[in-house]
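For reference, the chains in residue letters:
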Amino acid sequence: MGIPKRQVSSTASSRIYDTLRQDLINGRFTAGEKVAISALKERYEIGLSPLREALNRLAAHGLLIQENQRGFRVPSMERSELDDIAEMRRELEGMALERAIRLGDAEWESELLAAAHRLKRADMAPDKVEEWEHFHACFHRTLVAPCGSAWLLRFIAQLHDQFDRYRRMAPEAPEVRCVLDAQHGELVELALERDIKSARALMDDHIQRSYQVALQGVLSPA
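Here is a short report on the structure shown in this document.

Moving on: the overall build of the chain. Helices and strands together make up the secondary structure of the chain, namely 9 helices and 3 strands. Overall, the chain shows an N-to-C arrangement of helices and strands of α-β-α-α-β-β-α-α-α-α-α-α. Here the C-alpha radius of gyration of the chain, 19 Å, is about what a compact globule of 222 residues would show, namely 17 Å. Each principal axis of the C-alpha atoms in the chain carries an extent, and together these give about 55 × 55 × 35 Å.

This is the structure:
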């Protein structure tokens, strides 16, 4: 018996969703660009039905803008939006971290140490950036994972995707990067010590420093 068509379509939709999501976050489409469905079909060698499903999901996630009768468009990149995203990250991620430290168990501690170790060992060479980004995202997810709210985690994941659109377009800042990398380890130490106040303060500073880097992508001339 073959695989049902609906299941095949769903698998194809999930695959193209993941690919397009990464391409949008990585800036492979120009901000404000109109996305031509016919061009996407050819570029990604995908059928119309799974492609439309993926585009609708990306629009719901905020990575595309759906225009009535005119298809889809890549969102613009504005400082006011980045300011809003960074502020919401500080509020929601800080809240999630406080809850995670209160609720996290020994298994979480072990997973957090493992996530931090993988991130520290990840190579940031140009051809290894995607691997580093993967471990970086995993670390931040693990840090707040036991917060006890699926909705809170969902909002934080969406904010990270939006924030990363700006951060990945910004010029490299090696000195800031060193500080941010060190802060990952410091966040782990404070979480394991159950020092909620210090961990929240460090998370705020971590996001603010990342914001300053991302901001350069808006301020720098194209």
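Remark: helix α5 (residues 106-121) packs on helix α8 (residues 174-192), axes separated minimally by 10 Å, with the N-to-C direction vectors making an angle of 170°. Taken as axis vectors, α5 and α8 run roughly antiparallel relative to one another. In contact with W108, E109, L112, L113, A116 and L119 of α5, α8 contributes H184, V188, A191 and L192. Of the residues assigned to the contact of α5 with α8, the class counts are 8 nonpolar, 1 polar and 1 charged.

For the rest of this paragraph, the subject is the pattern of salt bridges. Taken as a whole, this structure holds 16 salt bridges when the rule is applied. The residue D83 makes a salt bridge to R79 at a minimum N-O spacing of 3.9 Å. Placement of the pair is D83 and R79 together in helix α4 (residues 79-103), with a separation of 4 residues, close to one helical turn. For D83, a relative accessible area of 30% translates into the label partly exposed.

Residues L82, L97, L112, F139, L143 and F163 are the most contacted members of the largest nonpolar core, which totals 35 residues. The residues contacting L82, other than those within four sequence positions of it, are F163, Y166, Y211, A214, L215 and V218. In terms of nonpolar packing, the next biggest core, distinct from the first, is built from 21 residues, L20, I25, I37 and L51 among them.

Our focus in this paragraph is the layout of surface pockets. In this structure, the second largest pocket encloses a volume near 420 Å³. Taken together, 19 residues make up the lining of the second largest pocket; nearest its centre are R21, A137, R141, H160 and D161. The element contributing the most residues to the lining of the second largest pocket is helix α6 (residues 129-144), with 8 residues.

Attention shifts here to α8. Its 19 residues give α8 an end-to-end C-alpha distance of 28 Å, which sits within 8% of 27 Å, the value for a rise of 1.5 Å per residue. Regarding α8, the residues found buried are R177, L180, Q183, H184, L187, V188, L190 and A191. In this structure, the buried residues of α8 make contact with α4, α5, α6 and α9 (196-219). Positive phi appears at R194, one or two residues downstream of α8, with a value of about 60°.

So, how was this worked out
- Just so you know, the residues in each chain are numbered from 1, in the order the chain's sequence is written.
- For this predicted model, a pLDDT threshold of at least 70 governs which residues receive local features, and a threshold of 80 or more governs which side-chain atom pairs are given and counted, while totals over whole chains, interfaces and linings are taken from all residues.
- Excluding hydrogens and water, the side-chain values take into account all heavy atoms of the structure.
- Helix and strand definitions here come from DSSP, where helices need a minimum of 4 consecutive H or I residues and strands a minimum of 2 consecutive E residues; each element is numbered from the N-terminal end.
- Atoms counted for the radius of gyration: C-alpha only. Globule rule: 2.2 Å times residue count to the power 0.38.
- In this analysis, axes come from line fits to C-alpha atoms, helices being fitted only over the stretch in contact, and the angle between any two N-to-C directions falls in the range 0 to 180 degrees.
- For classification purposes, an angle smaller than 35 degrees is called roughly parallel, one larger than 145 roughly antiparallel, one from 65 to 115 roughly perpendicular, and anything else oblique.
- Contacts between residues were defined by any pair of non-hydrogen atoms, one from each residue, lying within 4.5 Å.
- Classes in brief: Ala, Val, Leu, Ile, Met, Phe, Trp, Tyr, Cys and Pro nonpolar; Asp, Glu, Lys and Arg charged; the others, Gly included, polar.
- One speaks of a salt bridge when a side-chain nitrogen belonging to Lys or Arg is within 4 Å of a carboxyl oxygen belonging to Asp or Glu.
- In this scheme, a residue with accessible area under 20% of its type's maximum is buried, one over 50% is exposed, and one in between is partly exposed, where area comes from a 1.4 Å probe on protein chains only.
- Definition of nonpolar core: a set of buried residues of the types Ala, Val, Leu, Ile, Met, Phe, Trp, Tyr and Cys, connected through side-chain atoms within 4.5 Å.
- As defined here, a cavity is a set of points on a 1 Å grid over the protein atoms alone where a 1.4 Å probe fits but cannot get out. A pocket is an open set with protein on both sides within 12 Å along at least five of seven lines, and residues line them when an atom is within 4 Å of a point.
- Grid points are joined across faces, edges and corners, and a volume is the space filled by probe spheres set on the points.
- The length a helix should cover is 1.5 Å for every residue beyond the first.

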